[in-house]
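Listed here are the chains, written in short residue letters.
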Amino acid sequence: MSKTQVTTIEEFETIVSTNDHFLLIKHSLTCPISGNAFEEYENFTKEMDYPTYYLYVQDARPLSNYIAETFAVKHESPQALLFENGKVKWHASHWDITKSSLKQAIEN
């Protein structure tokens, strides 16, 4: 399934209200660990049919902060968040973001 970049709070709120479930990745463009996690995410999207979104922290700081505050999940970068029914069901950061961990999260 394709991945879609989200940049604004309004876009994100629409995603939450129109999707029962989706995966979101917060990615830092300057961090090598984040680069590795984003590569794992891209490999995941090539094999799994699941709605996914991503944001670049440097380009969407207000959105990244909004998500952390609204869903009470401390901001980290990189960070993967699995949303179900408008709530964060699972999240991981840094080296814990792998293709297999993402796959396992959506299957549980």
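Here is a short report on the structure shown in this document. (Residues numbered from 1 in each chain as written. Predicted model: local features only at pLDDT ≥ 70, side-chain atom pairs only at ≥ 80, totals over all residues. Heavy atoms only, no water.)

**What to know about the packing of aromatic side chains**
Under the defined criterion, the tally for this structure stands at 11 aromatic pairs. Ring centres of Phe 12 and Phe 71 lie 6.0 Å apart, and the angle between their planes is 85 degrees; this geometry places the pair in the edge-to-face category. Of the two residues, Phe 12 is situated in helix α1 (residues 9-18) and Phe 71 in helix α3 (residues 61-71); the sequence distance between them amounts to 59 residues. Members of the aromatic cluster, connected to one another through ring pairs, are Phe 12, Phe 22, Tyr 53, Phe 71 and Phe 83. (Phe/Tyr/Trp six-rings, centres within 6.5 Å; stacked < 30°, edge-to-face > 60°. Helix = DSSP H or I, 4+ residues; strand = E, 2+ residues; numbered from the N terminus.)

**Things to note about the pattern of salt bridges**
Two side chains bearing opposite charge may form a pair once their charged atoms approach each other closely. The final tally for this structure, using the stated rule, is 3 salt bridges. Lys 3 is the partner of Glu 42 in a salt bridge, and the nearest nitrogen-oxygen pair spans 3.8 Å. Of this pair, Glu 42 sits in helix α2 (residues 32-47) while Lys 3 sits in strand β1 (residues 3-5), and the two are 39 residues apart along the sequence. Overall, Glu 42 belongs to the partly exposed group, its relative accessible area being 27%. For Lys 3, a relative accessible area of 32% gives the class partly exposed. Between Lys 89 and Glu 84 there is a salt bridge; the shortest N-O distance is 3.6 Å. The exposure class of Glu 84 is partly exposed, given its relative accessible area of 25%. (Salt bridge = Lys/Arg side-chain N within 4 Å of Asp/Glu carboxyl O. Buried < 20%, exposed > 50% of the residue type's maximum accessible area, 1.4 Å probe, protein only.)

**A closer look at the environment of Asn 36**
Mapped onto the secondary structure, Asn 36 falls in helix α2. The partly exposed category is assigned to Asn 36, whose relative accessible area is 29%. Asn 36 sits 64 residues away from Ser 100 along the chain, and the two C-alpha atoms are 14 Å apart.

**Thoughts on the side chain of Ser 101**
Relative to the helices and strands, Ser 101 resides in helix α4 (residues 99-107). Every residue in contact with Ser 101, bar those within four places of it in the chain, is listed here: Trp 90 and Asp 96. (Contact = heavy atoms within 4.5 Å.)

**A short note on unusual backbone geometry**
For residues that are not glycine, phi is negative in most cases, and the peptide bond is trans in most cases. Each neighbour pair has its own omega, and for Ser 77 with Pro 78 the value is 5 degrees, a cis peptide bond. Here Pro 78 is to be found in the loop between α3 and β4 (79-84). Of note in the backbone geometry, Asn 85 takes a positive phi value of approximately 50 degrees without being a glycine. Examined against the element boundaries, Asn 85 turns out to sit in the loop between β4 and β5 (87-93).

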